[in-house]
Amino acid sequence: MRTLIAALVVALAASAAAPARADTYVVVHATNPVKALSQKEVTDLYMGRSRAFPNGDFALVFDLPRDHALRATFYQQLVGMSPAQVNSYWSRLMFTGQTMPPQPLPTEAAVLDMVRRNPSAIGYLADEPADRGVRVVLTLRGAP
Amino acid sequence: MSGLAHVFAQAPSPMRFLRLMGRMAAATAAAGAALAGATEAAAPDTASRWRLNGYGTLGVVHVDASPAGWGFTRDMSQPAQSGTLRAGIDSRLGLQVNWQATTAVEFVAQGVLRRQAPDAAASQRLDWAFAAWRPDADWTLRLGRTSPDVFLLADYRNVGFAFPWVRPNVEMYGFIAFQSLDGADLARRWQAGGADWKAKLSMGRNTTTQPNARTGADGQALPGVELKSKDLVIATLSREQGGLTVKATYARTREQVDTTQQLAPLLGGLRQLAAAGVPGVSAEAATLASAVDLSGFRARYVAFGAELERAGWHLMVELSRTAGDAHDTNGLRGYVSAAYRLGSVTPFVMLGRAKPERGPFAVPQHWAAALAPALGADAAAAAVQLGGAAAAIANTSRYGQRSLSLGARWDLGPQTALKLQADRYRVAPGASGAWPGSNGFDGGRADLVSATVDFVF
């Protein structure tokens, strides 16, 4: 029992230090008529509450794998949820056939490539893209 | 762990399960291919349109129940388990295949391996199998097998990773008779006043095999009871804003329980007594006969639920009321729960209550004196026995109990959680419907300690 309590305390301490240090850039295709998105609008897309951009066009939402460090940072900045909370949230929706979580792509490079090629796509990156094929529509500020 | 082996001994073999999933996937693919060929809509340019996901729970429960022999089950579809350490109550494995055929059309199939009535048809392992059509961002039409979306957690009651406790509240969720719905549902969502609204209308039918709580004269388990839900209509309206979800549900159904063969002698005897016109006996016999005869009845459910997730808190409250012709299933059921997140550990407390609408039946001892002059002492005693048997059966429809649960969920990683929970149940006399093995009259108590590992993949 004492070991269990000690383990719980260690886990608490570890999870209190959530990573949210740098900025994260939410990007769309350069020809997407959407010039900017609010944090609420991006939240609606990434949490499955909306399937469309504010102008009504279908959005193809892309994510990173469940164990990716940037994914943890992104959801912490966007909705203040840990990876376990995000996964728990999605398991309520996906296993009830309501909606599927955003499609994961293996790397940031794959996300950039997909968004550059697909006019309906939206993704996020750790570095501000120099690529002119994509446009930043929201910057999530990291902790100072 | 012999308990774990026991879970899957009762369930179909994993191979049979995988074959079932294979058939589902093949059928989904065939239907999808036909549909995709028929439409010109281009599929989204994504890395993969197929997705395979799953979830599971491995759990053990220590049950200390009194009177001895009471079995704990988390819902009506579960057979009783003997022994104090039980793995079959919460353990389960779900596998889901999604296929996005076009931007607007998706096929989903989900099979769940869990402990069900031994004679439940294999098709009852398939919880979801539907085609969804989303013509725009707001409307969804689904055809096939979906879930009766009656309560807040109804759709994901098997997905342990999705909720804080070891299992959904037994008072509220344990009595849901139908586990899936074959039919159609139409949902629309919209935004208004900064809130997300969703309305859904479902229609369909369902057949569930309930394990038989009683045993035959030879002590062997009787065959399961087939419960048919027909003309099932469910309407839900939910509103979400800033972490607060409120959901209201109305459902109505026509239920058919095929117990004619098993209950024919009992019902025959009761109806004879009812027709005999004996003061103090016949009216009671008629009431008992109608309480026992569930061959066809209508039921309505009204439910209200609210869930708040904010600043580390996860608060839930749900209340339901059942009304209908089967008076002993009528009643109020509900629970409140509070959980607070401390890093990766979430301690919680939950209080549940189920209260039947009318009082329990007792053995009609007074029939002996009323019937003896006309029938003789032996026949009168036999009538009392018959009345007692009917009272016990009628009481098994009654859920009257309270529970207190304390525990914690510990997120071991992004896809795995460990949960520990202690429950204390207090069951009212004549209201032990949730407890197989009870005699229908006694009250009782049970203390449970549960440990589970929940995962998604």
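Computed from a predicted model, the values in this text were never measured in an experiment.

Novice: I tried to follow the overall build of chain B on my own but got confused; where do I start?
Specialist: When its secondary structure is counted, chain B shows seven helices and 17 strands. If you take every contact in chain B between residues at least 6 apart in sequence, the share linking residues at least 24 apart comes to 66%.

Novice: Please explain the overall build of chain A as it appears in this structure.
Specialist: The number of helices and strands found in chain A is five helices and five strands. Traced from its N-terminal end to its C-terminal end, chain A shows the element sequence α-β-α-β-α-α-β-α-β-β. Residues counted as buried form 37% of the 144 residues belonging to chain A. Partitioning the contacts of chain A with sequence separation of at least 6, the portion at a separation of at least 24 is 69%.

Novice: Looking at this structure, how should I read the packing of helix 5 (residues 282-292) of chain B against helix 7 (residues 377-395) of chain B?
Specialist: Residues and elements named next belong to chain B. Two numbers describe how helix 5 lies on helix 7: the axes approach to 9 Å, and their chain directions differ by 40°. In terms of their interaxial angle, helix 5 and helix 7 are classed as oblique. Note on packing geometry: the crossing formed by helix 5 with helix 7 is left-handed. For the pair helix 5 and helix 7, contact is made by Ala285, Leu288, Ala291 and Val292 and by Gly387, Ala390, Ala391, Ile393 and Ala394, respectively. A class-by-class count of the residues in the contact of helix 5 with helix 7 yields eight nonpolar, one polar and no charged.

Novice: Quick question: what am I supposed to make of the pairing of strand 4 (residues 121-125) of chain A here?
Specialist: For a regular strand, side chains alternate in direction, first toward one face of the sheet and then toward the other. All names here are of chain A. With five of five residues buried, strand 4 is to be regarded as a mostly interior element. Neither face of strand 4 is left uncovered, since the one carrying Ala121, Gly123 and Leu125 and the one carrying Ile122 and Tyr124 both have all their residues buried. Note: strand 1 (residues 24-29) against strand 4, four bridges, orientation antiparallel. Within strand 4, the position partnered with Val28 by the bridge is Ile122. Note that strand 2 (residues 60-63) and strand 4 share two bridges and pair parallel.

Novice: Help me understand the environment of Asn53(B) in this model?
Specialist: All names here are of chain B. With respect to the secondary-structure elements, Asn53 resides in strand 1 (residues 50-66). The exposure class of Asn53 is partly exposed, given the 18 C-beta atoms found within 10 Å. With 22 residues separating them along the chain, Asn53 and Asp75 place their C-alpha atoms 25 Å apart.

Novice: It is not clear to me how the sheet that holds strand 5 (residues 134-140) of chain A should be interpreted in this structure. Could you clarify?
Specialist: What holds strands together in a sheet is hydrogen bonding between their backbones, with the strands either parallel or antiparallel. All names here are of chain A. Ordered by their spatial adjacency, five strands build an open sheet running 3-2-4-1-5, and the pairing between neighbours is mixed. The strands lining the two open edges of the sheet, one partner per strand, are strand 3 (103-104) and strand 5. Set on the sheet, helix 5 (residues 108-117) makes contact with strand 1, strand 2, strand 4 and strand 5; between it and strand 4 the angle comes to about 150°.

Novice: How should the interface of chain B and chain A be read in this particular structure?
Specialist: Accessible area lost when the parts come together is the quantity often used to give the size of an interface. At the interface, 35 residues of chain B touch 27 residues of chain A. Secondary-structure elements contributing two or more residues to the side of chain B that touches chain A are strand 1, strand 3 (92-100), strand 4 (105-114), strand 5 (126-133) and strand 15 (399-413) of chain B. Split by residue class, the side of chain B that touches chain A holds 18 nonpolar, twelve polar and five charged.

Novice: I'm lost on helix 4 (residues 83-94) of chain A in this one. Help?
Specialist: Three or four residues apart is the spacing at which side chains of an α-helix point the same way, because the helix has 3.6 residues per turn. In this model, helix 4 of chain A (twelve residues) spans 16 Å end to end at C-alpha, consistent with the 16 Å of a helix rising 1.5 Å per residue. Of all twelve residues in helix 4 of chain A, nine are buried, a share of seventy percent or more. Against helix 3 (69-79) of chain A together with strand 1, strand 15, strand 16 (416-432) and strand 17 (444-456) of chain B lie the buried residues of helix 4 of chain A.

Novice: Any chance you could explain the packing of helix 6 (residues 367-375) of chain B against helix 7 of chain B here in plain terms?
Specialist: Packed helices, taken two at a time, are described by the angle between their axes plus the distance between the axes. All names here are of chain B. With their axes 7 Å apart at the nearest point, helix 6 and helix 7 run at an angle of 140° to one another. Overall, the two elements helix 6 and helix 7 adopt an arrangement that is oblique. Taken as a pair, helix 6 and helix 7 cross one another with a handedness that is right-handed. The residues of helix 7 that touch helix 6, namely those facing Trp367, Ala368, Leu371, Ala372 and Leu375, are Ala377, Ala379, Ala380, Ala381, Ala383, Val384 and Gly387. The residue inventory of the contact of helix 6 with helix 7, partitioned by class, reads eleven nonpolar, one polar and no charged.

Novice: When you look at the confidence of the model for chain A in this model, what are you seeing that I'm missing?
Specialist: Do not read the fine detail of predicted coordinates wherever pLDDT is low. Mean pLDDT for chain A: 86, with 84% of residues reaching 70 or above. When the elements of chain A are averaged for pLDDT, helix 1 (residues 2-16) of chain A gives the smallest value, 50, and strand 4 of chain A the largest, 97.

Novice: Can you help me understand the environment of Ala131(B) in this one?
Specialist: Residue and element names in this part refer to chain B. Considering the arrangement of structural elements, one finds Ala131 in strand 5. C-beta crowding within 10 Å serves as the criterion here: with 18 such atoms nearby, Ala131 is assigned to the partly exposed category. The spacing of Ala131 and Ser147 is 16 residues in sequence and 13 Å in space, taken between C-alpha atoms.

Novice: I'm lost on unusual backbone geometry in this one. Help?
Specialist: All names here are of chain B. The residue after Ser66, namely Pro67, is reached through a cis peptide bond having omega 5°. The topology assignment puts Pro67 in the loop between strand 1 and strand 2 (85-86). Positive phi, normally seen in glycine, also occurs at Asp231, with a value near 50°. Mapping Asp231 onto the fold places it in strand 9 (residues 225-241). Even without a glycine there, the phi angle at Ala311 is positive, about 50°. Position of Ala311 relative to the elements: it lies in the loop between strand 11 (297-310) and strand 12 (313-324).

Novice: How do you make sense of the pairing of strand 13 (residues 331-340) of chain B when you look at a structure like this?
Specialist: Residues and elements named next belong to chain B. Sheet topology places strand 12 next to strand 13; ten bridges connect them, and they run antiparallel. Bridge pairing links His314 to Ala339 in strand 13. Where strand 13 lies against strand 14 (residues 345-356), nine bridges are found, and the strand directions are antiparallel. Each residue of the ladder has a partner; that of Tyr335, found in strand 14, is Gly352. Joining the antiparallel neighbours strand 13 and strand 14 is a turn of four residues, in which Gly343 adopts a positive phi near 65°.

Novice: Would you mind going over helix 3 of chain A with me for this structure?
Specialist: Taken as a whole, helix 3 of chain A has its buried residues at Arg71(A), Ala72(A), Thr73(A), Phe74(A), Tyr75(A), Gln76(A) and Gln77(A). Looking at the buried side of helix 3 of chain A, the elements it contacts are strand 1, strand 2, helix 4, strand 4 and strand 5 of chain A.

Novice: For this particular structure, what's the right way to read the nonpolar core?
Specialist: As a rule of thumb, nonpolar side chains are buried together in soluble globular proteins. Formed by 80 residues in total, the largest nonpolar core has its most connected members in Val27(A), Phe62(A), Val111(A), Val115(A), Ile122(A), Phe72(B) and Phe151(B). Once residues within four sequence positions are removed from consideration, Val111(A) is found in contact with Phe62(A), Leu64(A), Leu105(A), Gly123(A) and Leu125(A). Counting residues in each nonpolar core, the second largest holds 21 residues, with Leu263(B), Leu273(B), Val384(B) and Ala390(B) among its members.

Novice: Mind showing me how you'd approach the confidence of the model for chain B here?
Specialist: Residues and elements named next belong to chain B. In this model, chain B carries a mean pLDDT of 86, and residues with pLDDT of at least 70 account for 87%. Considering only residues more than four positions removed or in separate chains, one finds that residues 1-15, a stretch of pLDDT under 50, has 23 contacts. Contacts of residues 31-47 to residues separated by more than four positions or lying in other chains number 23 contacts, the stretch itself having pLDDT below 50. Scoring of the predicted complex yields 0.84 for pTM and 0.77 for ipTM.

Conventions and cut-offs
Residues numbered from 1 in each chain as written. Chains lettered and ligands numbered in written order. Predicted model: local features only at pLDDT ≥ 70, side-chain atom pairs only at ≥ 80, totals over all residues. Helix = DSSP H or I, 4+ residues; strand = E, 2+ residues; numbered from the N terminus. Contact = placed C-beta atoms within 7 Å. Buried ≥ 20, exposed ≤ 12 C-beta atoms within 10 Å, placed from the backbone. Axes fitted to C-alpha atoms, helices over the stretch in contact; angles between N-to-C directions. Parallel < 35°, antiparallel > 145°, perpendicular 65-115°, else oblique. Left-handed = near helix turned anticlockwise from the far one by under 90°. Nonpolar A, V, L, I, M, F, W, Y, C, P; charged D, E, K, R; others polar. Pairing = 2+ DSSP bridges. Expected span 1.5 Å × (residues − 1). pLDDT = per-residue confidence, 0-100. Core = buried A, V, L, I, M, F, W, Y, C linked by C-beta atoms within 7 Å.

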